[in-house]
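Inside the fold
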Amino acid sequence: MLPRRLLCPLLALASASLLALASGQAQDAKDEKKKDTKKQEKKLPAPAIPPTAAGVKYGPDERNVLDFWQAKSDAPTPLVLCIHGGGWVNGDKSSYYGSVKGYLDKGISVATINYRLMAQANAQKVTPPVKAPLEDAARALQFVRSKAGDWNIDKKKIGATGGSAGACSSLWLAFHDDMADPKSADPVARESTRLYCAAVNGAQVSLDPKVVREWIPNYTYGAHAFGMKNLDEVEKNRDQLAGWIKEYSPIEHVTKDDPPIGLYYAGPKEPKPGEKDADPTHSPTLGIKLAEKLKATGVDVVYHSAAEPNAKLPTSQAYLIDRLKK
């Protein structure tokens, strides 16, 4: 057995070695995480046309960034605000890089945005979580308007587009009352959130499970918007969630002063309302029901699907170019 006078220093040395090893392993884990993040960033496609301004901050969160492309023009240009899809749980602004040239060639400027996803909303305890991506989209629109002078934008002619969740966000902006705060000390917050037009692909139009399940019996999307597991749970708590459902469902905000809308849906089969759909989350039934309400309210709407194509304006991009250049 070692003498006590030698045992204590040896134990201290071993303890220090173990602490150093643990610290080194923790640092290695952090380094690996950074490497993984960099790898993910490198995987993002580079835009074919370099942005006029890239990674511009429009709000406080790390995902509150946008890319902007300025169309060549002596006069202020219209602008399309592109809001990516991904169920509000994934995706990024690069999904619209391929559309940029088509707008620029027609003299229309472009902004593509990132926004807080459900992961950030839940981590920040945003209630309900869907408030984060929707209000970020509104903030991005206000920010772009605030840059109208610097970026040569006609702030009256801003249209929005998006797919799936990005389409839902676009419609929410299009129908919602103006969220500008004229008394705010923040000049961005004083800008309008109203749109000139919107054209969307595969949009969800309501977050009310009772209503949507009557249209599409196998519909399952949207519980995460309220921080819940599934639509059964949302429907069970529908009375308590009524205020949120009304606030964050685009169709609930439709009024006769809303801008022109283009609704685009894909899929080889177009079910009738009340029938199941192979892709209920993006079912044409959603567009049919919203188009019915828009027409009844007096809002100009173009509806396009595989079963009911619009030959003149066959894509959301064609729709936006047509509207924004009038």
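Residues numbered from 1 in each chain as written. Predicted model: local features only at pLDDT ≥ 70, side-chain atom pairs only at ≥ 80, totals over all residues. Heavy atoms only, no water.

With that settled, the discussion passes to the overall build of the protein chain. Check the secondary structure of the protein chain and you find 11 helices and eight strands. Burial analysis of the protein chain (326 residues in total) assigns 48% to the buried set. Restricting the contact set of the protein chain to residue pairs at least 6 apart, pairs at least 24 apart contribute 72%. By element, 54% of the accessible surface of the protein chain is carried by carbon and sulfur atoms, the whole surface being about 16,300 Å². (Helix = DSSP H or I, 4+ residues; strand = E, 2+ residues; numbered from the N terminus. Buried < 20%, exposed > 50% of the residue type's maximum accessible area, 1.4 Å probe, protein only. Contact = heavy atoms within 4.5 Å. Areas by Shrake-Rupley, 256 points an atom, 1.4 Å probe, with all protein chains shown as cover.)

Attention now goes to the nonpolar core. Grouped together as the largest cluster of nonpolar side chains are 69 residues, with contacts concentrated most on Trp88 and Leu263. Counting residues per element, this core draws most heavily on helix 6 (residues 165–175), which supplies eight residues. With 20 residues, the next largest nonpolar core counts Val80, Tyr103, Leu104 and Val302 among its residues. (Core = buried A, V, L, I, M, F, W, Y, C linked by side-chain atoms within 4.5 Å.)

Taken as a whole and judged by the stated rule, the model has seven aromatic pairs. Taking 4.1 Å as the distance between ring centres and 10° as the angle between the ring planes, the aromatic pair formed by Phe68 and Trp151 counts as stacked. One end of the pair, Phe68, is in strand 2 (residues 65–69); the other, Trp151, is in helix 5 (residues 148–151), and 83 residues separate them in sequence. Each member of the pair, Phe68 together with Trp151, is buried. Geometrically, the ring pair formed by Phe226 and Trp244 is stacked, given 6.5 Å between the ring centres and 5° between the ring planes. Taken together, the residues span a long stretch of sequence, with Phe226 in the loop between helix 7 (209–215) and helix 8 (231–236) and Trp244 in helix 9 (residues 238–248) at a distance of 18 residues. Members of the aromatic cluster, connected to one another through ring pairs, are Phe68, Phe143 and Trp151. (Phe/Tyr/Trp six-rings, centres within 6.5 Å; stacked < 30°, edge-to-face > 60°.)

Our next topic: the pairing of strand 6 (residues 197–201). Summarising burial for strand 6: four of the five residues are buried, a large majority. Where strand 5 (residues 153–163) meets strand 6, five bridges bridge the pair, whose relative direction is parallel. Among the inter-strand pairings, Thr161 is bridged to a residue of strand 6, identified as Ala199. The parallel pair strand 5 and strand 6, bridged by helix 6, forms a crossover whose chirality is right-handed. (Pairing = 2+ DSSP bridges. Right-handed = clockwise from strand over helix to strand, strands pointing away.)

Turning our attention to the sheet that holds strand 8 (residues 301–304). The strand order across the open sheet built from eight strands is 1-2-4-3-5-6-7-8, with neighbouring strands paired in mixed fashion. Where the open sheet ends on each side, the last strands, each with one partner, are strand 1 (53–57) and strand 8. Going across the sheet, the axis of each strand differs from the next one's by a mean of 20°, ignoring polarity. Running at roughly 160° to strand 8, helix 10 (residues 284–297) makes contact with strand 7 (261–264) and strand 8 of the sheet. (Axes fitted to C-alpha atoms, helices over the stretch in contact; angles between N-to-C directions.)

Another point: the pairing of strand 2. Counted residue by residue, strand 2 has five buried out of five residues, so it is predominantly covered. In this sheet, strand 2 lies alongside strand 1 in antiparallel orientation, the contact comprising three bridges. Bridge pairing in strand 2 places Val56 opposite Leu66. The pairing of strand 2 with strand 4 (residues 109–113) spans four bridges and is classified as antiparallel. In the strand pairing of strand 4, Leu66 is matched with Ile113.

Of note, Glu252 is situated in the loop between helix 9 and strand 7. A relative accessible area of 34% means that Glu252 is categorised as partly exposed. Through-space distance from the C-alpha of Glu252 to that of Trp172 is 9.1 Å; in sequence the pair is 80 residues apart.

With that settled, consider helix 9. Taken together, the buried positions of helix 9 are occupied by Leu241, Ile245 and Tyr248. On an axial view of helix 9, the arc spanned by its buried residues comes to 70°, and they lie on one face. Pointing more than 90 degrees away from the buried face of helix 9 are the exposed residues Asp239 and Lys246. Its buried side turned inward, helix 9 meets helix 4 (131–146), helix 6, helix 7 and helix 8. (Arc of directions from axis to C-beta.)

Let us look at the packing of helix 4 against helix 6. Running from amino to carboxyl end, helix 4 crosses helix 6 at an angle of 60°, the nearest separation of the two axes being 10 Å. When the axes of helix 4 and helix 6 are compared, the crossing they make is right-handed. Between helix 4 and helix 6, the contacting residues are Leu134, Glu135, Ala137, Ala138 and Leu141 on the first element and Ser169, Trp172 and Leu173 on the second. A class-by-class count of the residues in the contact of helix 4 with helix 6 yields six nonpolar, one polar and one charged. (Left-handed = near helix turned anticlockwise from the far one by under 90°. Nonpolar A, V, L, I, M, F, W, Y, C, P; charged D, E, K, R; others polar.)

With that settled, the discussion passes to the pattern of salt bridges. Counted by the stated rule, this structure contains 15 salt bridges. Across the pair Arg323 and Asp300 runs a salt bridge, and its minimum N-O distance is 2.7 Å. Residue Arg323 is found in helix 11 (residues 316–324), and its partner Asp300 is found in the loop between helix 10 and strand 8; the two are separated by 23 residues along the sequence. Exposure remark for Arg323: the relative accessible area of 16% places this residue in the buried category. Of the residues examined, Asp300 reaches a relative accessible area of 39% and is grouped as partly exposed. (Salt bridge = Lys/Arg side-chain N within 4 Å of Asp/Glu carboxyl O.)

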